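Here is what each chain is made of, one letter per residue.
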Amino acid sequence: MHGQLSHIEAQRFLSAIVAAETARIRAERHVEPIDLTPGDWLARASSERVRKAAAEIVSARGTAAILLPEDERRLAEEGLGPAEIAQVPAALTRFVDWLIDPNSQDDVARTALSTLGRAPRDERETRVLQYLHLSAQAHALGRMDRIKATGPLIGDELVLNRAVAVEGDLERCASTAAGVKVQAAAGGSSPSPSMMNLGEVSTEGRRADLPDAAEGRTLGNQEEVTVTDEVTVTDEETLPKDQLSKLVEAMIAKEFPEGRTEAAEKSVGKERRQCRAVLTQFVEAIGDKRLADLTQADVGHYVDLLACLPKIYGRSPADRKRSLRELVERAEELPDEEVGLSASTVNRNLGHLKRLLRYAGGRSMRPAEQIELADLRAKDRRDARSVREAFNEDDLAKLSRHPVWSGCKGASRRNEPGREIIQDGLYWGPLLAAYTGARREELMGMRVCEVHLDGPIPYLAIRPNPNRGLKNSSSQRDIPIHSRLLELGLGDYVRALAADGEADLFPELRPTSAAETFGANLYKRWQKTKIAAMGEGDKRKTFHSFRHTVITYLRQETDVPKLVVAALVGHTPEGETDGRYTKRLPLEKIAEAVHALPRWF
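The structure presented is a predicted model; accordingly, all values stated were derived computationally and were not measured. Sequence order as written defines residue numbering, which begins from 1 separately in each chain. In keeping with the predicted nature of the model, local features appear solely for residues at pLDDT of at least 70, side-chain atom pairs appear and are counted solely at 80 or more, and the whole-chain, interface and lining totals rest on all residues. Each side-chain value is worked out from all heavy atoms of the structure, with water and hydrogens disregarded.

So, on to the overall build of the protein chain. Scanning the protein chain from terminus to terminus reveals 26 helices and five strands. Each residue's exposure class comes from its accessible area (1.4 Å probe, protein chains only) as a fraction of the maximum for that residue type: buried when under 20%, exposed when over 50%, partly exposed otherwise. Classification of the 601 residues of the protein chain by burial places 52% in the buried group. Accessibility throughout is a Shrake-Rupley quantity obtained with a 1.4 Å probe, and a residue counts as covered only by protein chains that appear here. Within the structure as shown, the protein chain displays about 28,200 Å² of accessible surface, and the carbon and sulfur contribution to it stands at 50%. Secondary structure elements follow DSSP: runs of H or I of four or more residues count as helices, runs of E of two or more count as strands, with numbering from the N terminus.

Here it is as structure tokens:
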């Protein structure tokens, strides 16, 4: 992996810097004199155009950047005058100097740590990130071109939230990026890259809202790196017309026009709100992708998710603010009979989705494959207990014999028997769940620093972190590590990640949009593995079944006290006295419960 930056990581870094640069430019303009003379205004516009041109050239050619005749012709076609083109070589020199400046490289490394969760692995990857930064600065300058602007000058506070977004995930980046230091010169000249404090680009808290993994095409191991053709940033106005969020709003506007009378509006308004809520939830569940990329598996995932939601939710202000992931986490603590939407509600939601697909089809927009909604309709009222069932010993034996844990043929052939063991989230996630009873997102969203291997009792520190929050105060706990996990190499795995500078325990599951989480990115991989090991017969057994298995075994097959089981799995104890007692449980006591679990794998 050394020297390789995945395409998804490059996309995230580029987009964050575009948002930060756009905010910085707006902040600069906010402090400009109110009454600029035409000459001053043109000088500033010219300076920004020169910087944009130079940044584009250096981002594509690196330290070999010079102004070629072809560049001069292209810039002239783009509207730069001879005087502006004559200034480009000097700007190129400044940008090249920035590339080789150790301080600038350190700044980029700090920015990577905050946006990607890790520092660059080597010098080549640092340089690629610098190219991305220059490309992002050019993009931001192009968006903010003074001469092309036609809108009114408005207050900075009204526009900072319109950040450049990739899959709707970077609005927060713009507001946090407003903290980037602006060092505008008195004469109105714009700062060079070296004057910008890259370390202050922050995405803290962004990934907590985030459920595919960063396994995309890599950058940085090439002789030439071309950023502008490979990594794109999308403005809201230029989203494809079949982008799901855009398509939903277009369909609602067409299908639910405003009522001509108050009574008519009251009737249509209720249906409009319901349709929008359902389809917005659908987009949140699968991600704001293009309709052309929508598959049957996406819709199936959404229907499966409905079976994991509380039967009743959204009635309180606090509940209405919860994300889909948070609602699922809340459902995990409810009695089984209070989980899973009714058949009528599931079918109603599918009806709204059918309406969206019909609307799109009438406008020659089609999903990636034929979507069979009839196959997903709920035919009867399912008991929530049938949705989530514990694994039995036979199930766990089948899983342990699967090639993911017994040996596979390679990264792209995980379900085929072979001699390779790939220790990643798919390997460790089920193992950790089987030996801790912890929730999926609690485990998959862990950071490397939360695995404590030194000391008499190694343990996992389940704490809120930038990757995900926790359900409640009882969820914050220490879980002793089962000896079987250490025998399988968990300690070596964690130490290797730390040595590589990784921050996340499962970096390949790192979310790339607000619709994703670490746990959800494991979902499809785990589903394929489970079906390959156990068949498709019993859909009631899911990843959450590991949690049921641990709790059921400890309560029915051992003498472990109920309070100790609650402390292990993060349940809220019953009663005020129990609550105070459980918080004082020593790690040694909880370790007894952990080691009472069989060696299932």
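Within the fold, D395 resides in helix 16 (residues 393-400). By the convention used here, residues are in contact when the closest approach between their heavy atoms is within 4.5 Å. Apart from residues no more than four positions distant in its own chain, D395 is found in contact with A390, M534 and K541.

Moving on, we get to the nonpolar core. Counting residues in hydrophobic clusters, the biggest one holds 56 residues, and the most contacted among them are L399, W428, W526, F546, L568 and F601. Broken down by element, the residue count for this core peaks at eight residues, all from helix 18 (residues 425-436). For L568, the residues in contact, after removing those within four places along its chain, are T436, R477, I479, V550, L554, I590, A593 and V594. By nonpolar core we mean a set of buried residues, namely Ala, Val, Leu, Ile, Met, Phe, Trp, Tyr and Cys, connected to one another through side-chain atoms within 4.5 Å. Core analysis: the second largest hydrophobic core is formed by 39 residues, I252, L279, A343 and L376 among them.

To continue, consider the packing of helix 24 (residues 562-569) against helix 26 (residues 587-594). Whenever a helix is involved, its axis is fitted only over the stretch in contact; in every case the axis is a line through C-alpha atoms, and angles between N-to-C directions fall within 0 to 180 degrees. The interhelical angle for the contact between helix 24 and helix 26, taken along N-to-C directions, is 90°, at an axis separation of 9 Å. Relative to helix 26, helix 24 is oriented roughly perpendicular. Where helix 24 abuts helix 26, its residues V564, A567 and L568 lie against K589, I590, A593 and V594. Partitioned by chemical class, the residues of the contact of helix 24 with helix 26 number six nonpolar, no polar and one charged. An angle below 35 degrees is treated as roughly parallel, one above 145 as roughly antiparallel, one from 65 to 115 as roughly perpendicular, and anything else as oblique. Residue classes follow a fixed rule: Ala, Val, Leu, Ile, Met, Phe, Trp, Tyr, Cys and Pro count as nonpolar, while Asp, Glu, Lys and Arg count as charged, and any other residue, Gly among them, counts as polar.

Moving on, we get to the sheet that holds strand 3 (residues 451-452). One bridge is not enough; two strands pair if DSSP finds at least two bridges between them. Read across the sheet, three strands follow the order 3-4-5 without closing on themselves; strand pairing throughout is antiparallel. Each edge of the sheet is formed by a strand with only one pairing partner; in this case those strands are strand 3 and strand 5 (477-480). Bridge count between strand 3 and strand 4 (residues 459-462): two bridges; the pairing is antiparallel. Within the sheet, the bridge partner assigned to H452 lies in strand 4 and is Y459.

Turning our attention to the side chain of S59. Assignment of secondary structure puts S59 in helix 2 (residues 38-61). At 2.8 Å, the side chain of S59 forms a polar contact with the backbone oxygen of E56. Contacts described as polar in this section are N or O atom pairs within 3.5 Å, which, within protein, must combine one atom able to donate a hydrogen with one able to accept it, while residues neighboring in sequence count only if both atoms come from side chains.

Each Phe, Tyr or Trp ring (for Trp, its six-membered ring) is paired with any other whose centre lies within 6.5 Å, and the angle between the two planes then decides the class: stacked below 30 degrees, edge-to-face above 60, tilted in between. Applying the stated rule across the entire model yields 12 aromatic pairs. Each member of the aromatic cluster is reached from another via a ring pair, and the members are F391, W526, F543 and F546.

Before going further, it helps to examine unusual backbone geometry. In most cases, non-glycine residues show a negative phi, while peptide bonds are predominantly trans. The backbone of S364 shows a phi angle near 65°, a positive value even though the residue is not glycine. Considering the arrangement of structural elements, one finds S364 in the loop between helix 14 (343-361) and helix 15 (384-387).

Here, expected helix span is obtained from the residue count minus one, scaled by 1.5 Å. Its 19 residues place the ends of helix 14 27 Å apart at the C-alpha level, agreeing with the 27 Å of an ideal helix rising 1.5 Å per residue. Here helix 14 has its buried residues at A343, V346, N347, N349, L350, H352, L353, L356, L357, Y359 and A360.

What follows is about a nonpolar patch on the surface. Put simply, a patch holds well-exposed residues, over 30% relative accessible area, that have no salt bridge, with like charges counted together within 9 Å and Val, Leu, Ile, Met, Phe, Trp or Tyr side chains within 5 Å. One side-chain nitrogen of Lys or Arg within 4 Å of one carboxyl oxygen of Asp or Glu is enough to make a salt bridge. On the surface, W41, L42 and I147 cluster together to form a nonpolar patch covering roughly 270 Å² of accessible area. Looking at where I147 falls in the secondary structure, it is placed in the loop between helix 6 (123-143) and helix 7 (156-159).

Take the environment of S513 next. Take S513: it is sitting in the loop between helix 21 (490-499) and helix 22 (518-534). Taking the C-alpha atoms as reference, S513 lies 7.4 Å from G287; in sequence the two are 226 residues apart.

Moving on, we get to the pattern of salt bridges. Considering all chains together, one arrives at 34 salt bridges under this definition. Among the ionic pairs, K398 bridges to D394, the shortest N-O distance being 3.5 Å. Of this pair, K398 and D394 both sit in helix 16, four residues apart, which is roughly one turn of the helix. By relative accessible area, K398 is classed as partly exposed at 30%.

Another aspect to go through is the packing of helix 5 (residues 102-116) against helix 6. Between helix 5 and helix 6, whose axes approach to 10 Å, the crossing angle comes to 85°. With respect to their mutual orientation, helix 5 and helix 6 come out roughly perpendicular. Between helix 5 and helix 6, the residues in contact are S104, Q105, V108, A112 and L116 and T126, R127, L129 and Q130, respectively.

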